[in-house]
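Take a look at the letters that make up each chain.
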There are 2 protein chains.
Amino acid sequence: MSGALSQEDKLDKRSPVPAYVQLAQILRQRISSEIYTSGNRLPSEAAIAGSFKVSGMTVRQALGVLVNEGLVERIQGRGTFVKRLDVATSCFGLDSFRSILTDRENVEVRILKATVEKARGKALEALGLTADDPVVVVERVILHRSQPLTLQVGFAVFDPESPVVENMLDTQVLTDLFFQENCGSFKKGELWLLPDSLDERQAALLGAEVGENAFRLEHIFYDFAGRPAAYGWFLLTPDKMQLSTRVGVWNE
Amino acid sequence: MSGALSQEDKLDKRSPVPAYVQLAQILRQRISSEIYTSGNRLPSEAAIAGSFKVSGMTVRQALGVLVNEGLVERIQGRGTFVKRLDVATSCFGLDSFRSILTDRENVEVRILKATVEKARGKALEALGLTADDPVVVVERVILHRSQPLTLQVGFAVFDPESPVVENMLDTQVLTDLFFQENCGSFKKGELWLLPDSLDERQAALLGAEVGENAFRLEHIFYDFAGRPAAYGWFLLTPDKMQLSTRVGVWNE
DNA sequence: AAGTGGTCTAGACCACCTA
DNA sequence: AGGTGGTCTAGACCACTTT
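All values derive from a computational prediction rather than experimental measurement.

Please set out the packing of helix α2 (residues 19–32) of chain B against helix α4 (residues 56–68) of chain B residue by residue, giving values where relevant.
Residue and element names in this part refer to chain B. Taken N-terminus to C-terminus, the directions of α2 and α4 make an angle of 55°; their axes are 8 Å apart at the nearest point. Classified by the angle between their axes, α2 and α4 sit oblique to one another. Two packed elements cross with a definite hand, and for α2 against α4 that hand is right-handed. The segment α2 lies against α4, with A19, Y20, L23, A24, L27, R28 and I31 engaging T58, V59, Q61, A62, L63, V65 and L66. Grouping the constituent residues of the contact of α2 with α4 by class yields eleven nonpolar, two polar and one charged.

Structure (structure tokens):
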């Protein structure tokens, strides 16, 4: 067994796999097999560089990979340490939602409502408007393979000269936030995730049961002048958007 | 105005702020002010290095910062491009939950139940046991400033020699996953986030209303042999764990 | 004082893309 | 062929921590 180990403990410099990736992999395995143990120090950069006969920069790059994976922590003047599992540093991505939306030929958008109304409630506040300013309101159901995927409600400041209004009325725009194809008009955005449950109308539109638990994904986007320009939310049942994340050593 | 701009377009090499951070900031502002626009190419590494009189490595480091922020994308052979806003690349962290749990002097754990039972249902499946194998079941309420924060239910394989069982019965262990102080016994873990609503008992324990929407944070942890060792979940109302994230240019 | 990681230089060669 | 980013070297100096 130690033969197999020492074999993996050398870098193949002719390999197309970069040296720093190979090195990261070796160090990852040493963490996984408790050669380097939780809370303890790894050898110094110089020591690793010497033992693998690579430059300091290559070691640094390999350790950077492990830092990004949350496996180690580097402290100036002290060293590089194996991190303990830390649930709170993990984060939940929207990949499963995106993977459905990017399947474009099977996605269909059905407009339920597209009107100009007087602003009130949360949309008024989020968009920084004064009472009764006009806002564009759009409500859509997005379907995937003819099955309801999500109900989307959006509000935008009504400004006939703004491209945002055009975009709001376009069937594509909000899916484009995910398709990443037509969203140069926003500088930044903020998103919130909330637990919710479906009322009668929402359940009917999504083909789900009344009271069923769902995610509510709220969003607000700002234009390049820094003004809030679009506010709204998506309603999604959790089978349509699985949120999961991993911590610790998975890529051994 | 152009005077102010050109002033910021030089690096202060005597500053304690690293050159690559200053450079990233300048490039970020150029994206924010649409000097570099969505979808278009930035100057090449060599061009940036020349105009700021730094080495290629410093430019590379600065661009790496912007890549991590999701502002630009680098494509080998083509160049570095300003990314359009992309909701689906953002992710939700558990910082707000952690910030409460790490306020240790105000956190209190109240054990509701700690028994050994026969495995069944989801815990049996998650832990890879066969029917009626014994499992440790622990149920707790965690309070912050004497207010109920979360209800936690955990299952662990019953193995008298395993430190996990000891830990499960310890009032501290699962909060330690967050405190990051006593979790060297797990190699990896997986987490799921789900929308849920509180039943009568849960609502009473959490001082909330029956049917109120809540997050359910499920977790499973594996020991260094790769075996599932602990499964369970947290129930939390969204006021106790705000999940938000940002995309685009925020640090101008 | 010695050891650690953090920044930075000034090159080199390669893989990839576009023309 | 020429330009782009990706990897890598072999150093240098600095800031920080520990002894």
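More follows now that the structure is in view.
Quick rundown of the environment of B:L85? Include the residues and the values.
All names here are of chain B. By the secondary structure assignment, L85 is in the loop between β2 (79–82) and β3 (91–93). According to the relative accessible area criterion, L85 is buried, its value standing at 6%. Placed 13 residues apart in sequence, L85 and R98 show a C-alpha to C-alpha distance of 28 Å.

Before we move on, could you go through the pattern of salt bridges and cite the residues and values that matter?
Enumeration according to the criterion identifies 34 salt bridges over all chains in this entry. For A:R145, the salt bridge is made with A:D103, and the minimal N-O distance between the two is 3.7 Å. A residue pair is termed long-range when its members are at least 10 positions apart, and A:R145 in the loop between β5 (134–144) and β6 (147–157) and A:D103 in the loop between α5 (95–101) and β4 (107–118) qualify at 42 residues. Between A:K187 and B:E252 there is a salt bridge; the shortest N-O distance is 3.1 Å. With A:K187 in strand β7 (residues 186–197) and B:E252 in the segment after β10 (243–248), the pair connects residues from two separate chains. The exposure class assigned to B:E252 is partly exposed, which follows from its relative accessible area of 46%.

Which residues make up the interface of chain A and chain B, and what values do they have?
The interface of chain A with chain B comprises 55 residues on the first partner and 55 residues on the second. Together, A:L85, A:V87 and A:F92 form the three largest contributors to the area buried by chain A at its contact with chain B, with a combined 14%. Scanning the region where chain A abuts chain B turns up 19 residue pairs in polar contact (both at pLDDT 80 or more). Here the element with the most residues in the side of chain A that touches chain B is β7(A); it accounts for twelve residues. Of the residues belonging to the side of chain A that touches chain B, the class tally is 28 nonpolar, 14 polar and 13 charged. Sheet analysis places β7(A) next to β10(B), joined by six bridges and oriented antiparallel. The residue bridging A:W192 from the neighbouring strand is B:S244, located in β10(B).

Tell me what's going on with the pairing of strand β1 (residues 72–75) of chain B, and back it up with residues and numbers.
Inspection of the sheet shows β1(B) paired to β2(B) by four bridges, in the antiparallel sense. Residue pairing across strands places B:V72 opposite B:V82, the latter belonging to β2(B).

Pulling in residues and values, what's your account of the side chain of B:K188?
By the element assignment, B:K188 lies in strand β7 (residues 186–197). No salt bridge is formed by the buried B:K188. Its closest oppositely charged neighbour is A:E252, at 4.7 Å. Residues in contact with B:K188, not counting those within four places in the same chain, are A:L85, A:V247, A:G248, A:V249, A:W250, B:I220, B:F221 and B:Y222.

Conventions and cut-offs
Residues numbered from 1 in each chain as written. Chains lettered and ligands numbered in written order. Predicted model: local features only at pLDDT ≥ 70, side-chain atom pairs only at ≥ 80, totals over all residues. Heavy atoms only, no water. Axes fitted to C-alpha atoms, helices over the stretch in contact; angles between N-to-C directions. Helix = DSSP H or I, 4+ residues; strand = E, 2+ residues; numbered from the N terminus. Parallel < 35°, antiparallel > 145°, perpendicular 65-115°, else oblique. Left-handed = near helix turned anticlockwise from the far one by under 90°. Contact = heavy atoms within 4.5 Å. Nonpolar A, V, L, I, M, F, W, Y, C, P; charged D, E, K, R; others polar. Buried < 20%, exposed > 50% of the residue type's maximum accessible area, 1.4 Å probe, protein only. Salt bridge = Lys/Arg side-chain N within 4 Å of Asp/Glu carboxyl O. Buried area = accessible area lost by both parts, 1.4 Å probe. Polar contact = N/O pair within 3.5 Å; in protein donor to acceptor, adjacent residues only side chain to side chain. Pairing = 2+ DSSP bridges. Lys, Arg positive; Asp, Glu negative; His and termini not counted.

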